[in-house]
Amino acid sequence: MDTKTSKSINRPTGRCALLFALALAAATLMTRAANAADTGWTHYGNDAGNTHYSSLAQIKPDNIAHLHAAYAVSLGALRSNQSTPLVVGDTMYVTSSWGPKFVYALDAATGAIKWRYQSFVPENVIQFACCDVGNRGVSYRDGKVFVGQLDGKLVALDAKTGKPIWKTKVVDYKQGAVISSPPVIAGNKVITGFGGGDYGVRGYLSAYDADTGKLLWKTYTVPGPGEPGNETWKGDSWKHGGAASWVPGSYDPKLNIVYFGTSNPGPWEAGLRSTNTPDGKYVNLYSSSVVALNPDTGKILWYIQYTPDDAWDFDGVNESVLADLTIDGKKLPALMHADRNGFLYVANRKTGRLISAKPFVPVTWATGINLETGRPIEVPGMRPTLTHEAHVCPSMMGGKNWQPMSYNPGTGLVYIPALNLCVAEKEDKVEYHKGLMYVGINPFSLYTGPGGYNGELIAWNPITQAAAWSIHEPLWYLSGVLSTGGGLVFYGTLDGWFKAVDAKSGKLLWKFYTGSGVNAAPITYEVGGRQYIAVVSGRTVTMLSLLGKFAAPAAEKTAESGMLFVFALDQ
């Protein structure tokens, strides 16, 4: 039927025409409202469940060759730019590194600056920030933008003007406790952790009233005397036990549960806090774990300790991805987590019961996970001591680091930015001094894992616990990952490339050279009917320095930077 004929049939007249027009207008408004949630990027992971997935599908494999830079914005600060932008309506909110030094509100279609907030975080914060001066972005709620700062403060800004509404001190940064990630918003509560597991902090999570900044509750992730779990720490080692939450958490509003990962226990020298044996009683709760809390009270509802008595710096901080999976014919409220220890965990996010756990990278320190107890089945001789050098895969960099993976409900796959690194390491004597690193590993030496590649993008089936495909990369530290309803997966590399691959096959379809390493997670959004892809570029400096000769080739590939790149199809 041609257009003319279709317009001449069933055309209402009189009162019917009015009713039809009203119904059409209502349907249009409902459609716009239904699509509104898909057009922006209003959470760090696009949704509170941290999936890093968008249903937007304007950009797809058959037209991505026409994807070009729409605009670029300098963020005004070099090194370790890790921000994942938010897009609310037609405004983008993005941060720089160094504190952040700046928070920007931009016109999401053009990049024009609407306002800029300068934090004036002192430059001496670098000595207390492990590892580097990155900031991963902001959170948004009800006309307010919330940002955690490296100087230990949490700030609420007016989303229209950028003017501070309130500012509160969360933690003393001069002990080595910094905030580098956006908080979780749960109702009217703004919930944040902080970093510092390598400085001997005692980790905690705290919640603040979104309107006033008033402290509502504080929950320690290292239990003190009289608190359940304190008996899992040797002597008074709990005082500097780490278990800090420095990566964005997740939230299930239906269950009203927030999920935060925790860092390694302090120090790495395990003999100071445990027996440093596979079956010891000093498991050091709640380090290297995920804790599920009631956001109204801060009460810990359940936990999974991924690496009890962690001797390898296997932080459990990596994001918890929340999605409903059908396993054995039953719909399960699932939590998926790719841990630094090399295992991908699937658990019931309501109860914490483990469903499965399998290695997604080469793992030599354990042969598996006991699903009943949650404890790893350790391989003898893999724990470093003061007298024994252990050779372990993965390294302290993890099978996956902080860069977030993405879950695509269309393909049923999680896309993991994985690392293939191993380490030779031995413990060293260490004493606690406020504001200094509290580690106790010396020397250590990284080396490439089996296969001769250092990085890998893995498309992983969380139900079968097997890889669908993977892409080997010569350098480690891939960026966070974005997957879309258009059948694409976007990610960046340490040598400066931003790439798009087919979500089903992994075939490389498109790439763009950013000029610096890409660590941040990309996003996509729609403004004015046009879909955009955005990513921040600016490689780490401190991590490359810490890793010495092994990291030198990566440092030579690109320069420091701090740029936001935004892409769209040719018009």
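As the structure is a computational prediction, the values presented were derived from the model and not from experiment. (Residues numbered from 1 in each chain as written. Predicted model: local features only at pLDDT ≥ 70, side-chain atom pairs only at ≥ 80, totals over all residues. Heavy atoms only, no water.)

**A word on the environment of isoleucine 458**
The condition is simple: Per the convention used, a helix needs a DSSP run of H or I reaching at least four residues, while a strand needs a run of E reaching at least two, with both numbered from the N terminus. Here's how the labels work: a residue is buried when its accessible area is under 20% of the maximum for its type, exposed when over 50%, partly exposed in between, all with a 1.4 Å probe on protein chains only.
Within the secondary structure, isoleucine 458 sits in strand β30 (residues 455–461). According to the relative accessible area criterion, isoleucine 458 is buried, its value standing at 2%. Residues isoleucine 458 and isoleucine 523 lie 65 residues apart in sequence; the distance between their C-alpha atoms is 19 Å.

**Quick notes on the side chain of threonine 484**
Using the following cut-off: What makes two residues a contact is simply this: any of their non-hydrogen atoms within 4.5 Å.
Structurally, threonine 484 can be placed in strand β32 (residues 482–484). The contacts of threonine 484, once residues within four sequence positions are left out, are Tyr53, Ser54, Leu56, Asn408, Phe490 and Thr524.

**Focus: the sheet that holds strand β1 (residues 53–54)**
The following threshold applies: Any two strands are treated as partners once DSSP identifies two or more bridges connecting them.
If you trace the five strands from one edge of the open sheet to the other, you get β1-β32-β33-β34-β35, paired in mixed fashion. Each edge of the sheet is formed by a strand with only one pairing partner; in this case those strands are β1 and β35 (508–513). Taken together, the two bridges between β32 and strand β33 (residues 488–492) define a ladder with antiparallel strand orientation. Paired with leucine 482 across the two strands is phenylalanine 490, which belongs to β33.

**Focus: the pairing of strand β13 (residues 204–209)**
Counting buried positions along β13 yields six of six residues, so the element is predominantly enclosed. Pairing geometry for strand β12 (residues 189–192) and β13, over four bridges, is antiparallel. If you follow lysine 189 over to β13, its bridge partner there is aspartate 209. Pairing of β13 with strand β14 (residues 215–220), which is carried by five bridges, proceeds in the antiparallel orientation. Bridge pairing in β14 links serine 206 to lysine 218. Where β13 folds back on β14, the antiparallel hairpin that results is connected by five residues, among which glycine 213 adopts a positive phi of roughly 80°.

**With respect to the nonpolar core**
For clarity, the threshold we go by: Residues belong to one nonpolar core when they are buried, are Ala, Val, Leu, Ile, Met, Phe, Trp, Tyr or Cys, and are joined through side-chain atoms within 4.5 Å.
Core analysis: the biggest nonpolar cluster contains 48 residues, and Met92, Phe490, Tyr525 and Leu564 have the highest contact counts within it. Of the residues forming this core, the biggest block, six residues, is contributed by strand β38 (residues 563–569). For leucine 564, the contacting residues outside a window of four places in its chain are Tyr71, Ala72, Val73, Leu75, Pro85, Met92, Leu106, Ala534, Val535 and Val536. Of all hydrophobic cores here, the second largest spans 47 residues; its members include Tyr306, Leu322, Met397 and Leu494.

**Thoughts on the pattern of salt bridges**
Rules: Salt bridges are defined by distance alone: a side-chain nitrogen of Lys or Arg within 4 Å of a carboxyl oxygen of Asp or Glu.
With the rule as written, the count across this model stands at 16 salt bridges. Residue arginine 202 pairs with glutamate 227 through a salt bridge whose shortest N-O separation is 3.3 Å. Remark: glutamate 227 occurs in the loop between β14 and β15 (250–252) and arginine 202 occurs in the loop between β12 and β13; sequence separation between them is 25 residues. Under the relative-accessibility criterion, arginine 202 is labelled buried at 19%. The residue lysine 499 makes a salt bridge to glutamate 473 at a minimum N-O spacing of 3.0 Å. Of this pair, lysine 499 sits in strand β34 (residues 497–502) while glutamate 473 sits in strand β31 (residues 466–473); the two residues are 26 residues apart in sequence, bridging distant segments of the chain. Judged by its relative accessible area of 12%, lysine 499 is buried. For glutamate 473, a relative accessible area of 6% corresponds to the buried category. Beyond isolated ion pairs, a larger network of salt bridges with shared partners links Arg273, Asp309, Glu378 and Arg383.

**Things to note about unusual backbone geometry**
That bond from glycine 266 to proline 267 is cis: its omega, -10°, falls within 30 degrees of zero. Among the secondary structure elements, proline 267 is positioned in the loop between β16 (257–261) and β17 (289–293). For the peptide bond that leads from leucine 285 to tyrosine 286, omega is -5°, which places it in the cis range. If you trace the backbone, tyrosine 286 turns up in the loop between β16 and β17. Of note in this structure, aspartate 328 is not a glycine but carries a positive phi near 55°. According to the relative accessible area criterion, aspartate 328 is exposed, its value standing at 77%.

**Details of the side chain of histidine 337**
Note the following rule: Nitrogen and oxygen atoms within 3.5 Å of one another constitute a polar contact, given that in protein one can donate a hydrogen and the other can accept it, and given that sequence-neighbouring residues count only through two side-chain atoms.
Relative to the helices and strands, histidine 337 is located in strand β20 (residues 330–338). Accessibility expressed as a relative area gives 0% for histidine 337, which makes it buried. Reaching out from histidine 337, the side chain makes a polar contact with the backbone oxygen of asparagine 318 at a distance of 3.0 Å. Within the local environment of histidine 337, its side chain forms a polar contact with the backbone oxygen of glutamate 319, the two atoms lying 3.5 Å apart. Setting aside its immediate chain neighbours within four residues, histidine 337 contacts Tyr306, Gly316, Asn318, Glu319, Phe343, Leu344, Tyr345 and Met405.

**Concerning the state of the cysteines**
Inclusion rule: Note on terminology: pairs of cysteine sulfur atoms within 2.5 Å are recorded as disulfides.
Evaluated as defined, the whole model comprises two disulfides. Sulfur-sulfur distance for the disulfide between cysteine 130 and cysteine 131 comes to 2.0 Å. Its relative accessible area of 26% is what places cysteine 130 among the partly exposed residues. Taking relative accessible area as the criterion, cysteine 131 reaches 27% and is therefore assigned partly exposed. In this model cysteine 393 forms its disulfide with cysteine 422; the gap between the sulfur atoms is 2.0 Å. Taking the torsion about the S-S bond as the criterion, the cysteine 393 to cysteine 422 disulfide, at about 100°, is right-handed.

**Description of the sheet that holds strand β9 (residues 153–158)**
Quick reminder of the rule: Whenever a helix is involved, its axis is fitted only over the stretch in contact; in every case the axis is a line through C-alpha atoms, and angles between N-to-C directions fall within 0 to 180 degrees.
Judged by pairing direction, the sheet is antiparallel, and its four strands sit side by side in the order β7-β8-β9-β10 without closing on themselves. A strand with exactly one partner marks an edge of an open sheet, and here the two such strands are β7 (139–141) and β10 (164–169). Sheet twist, expressed as the average angle between the axes of neighbouring strands with direction ignored, equals 20°. Examined bridge by bridge, β9 and β10 share five bridges and lie antiparallel to one another. If you follow leucine 154 over to β10, its bridge partner there is threonine 168.

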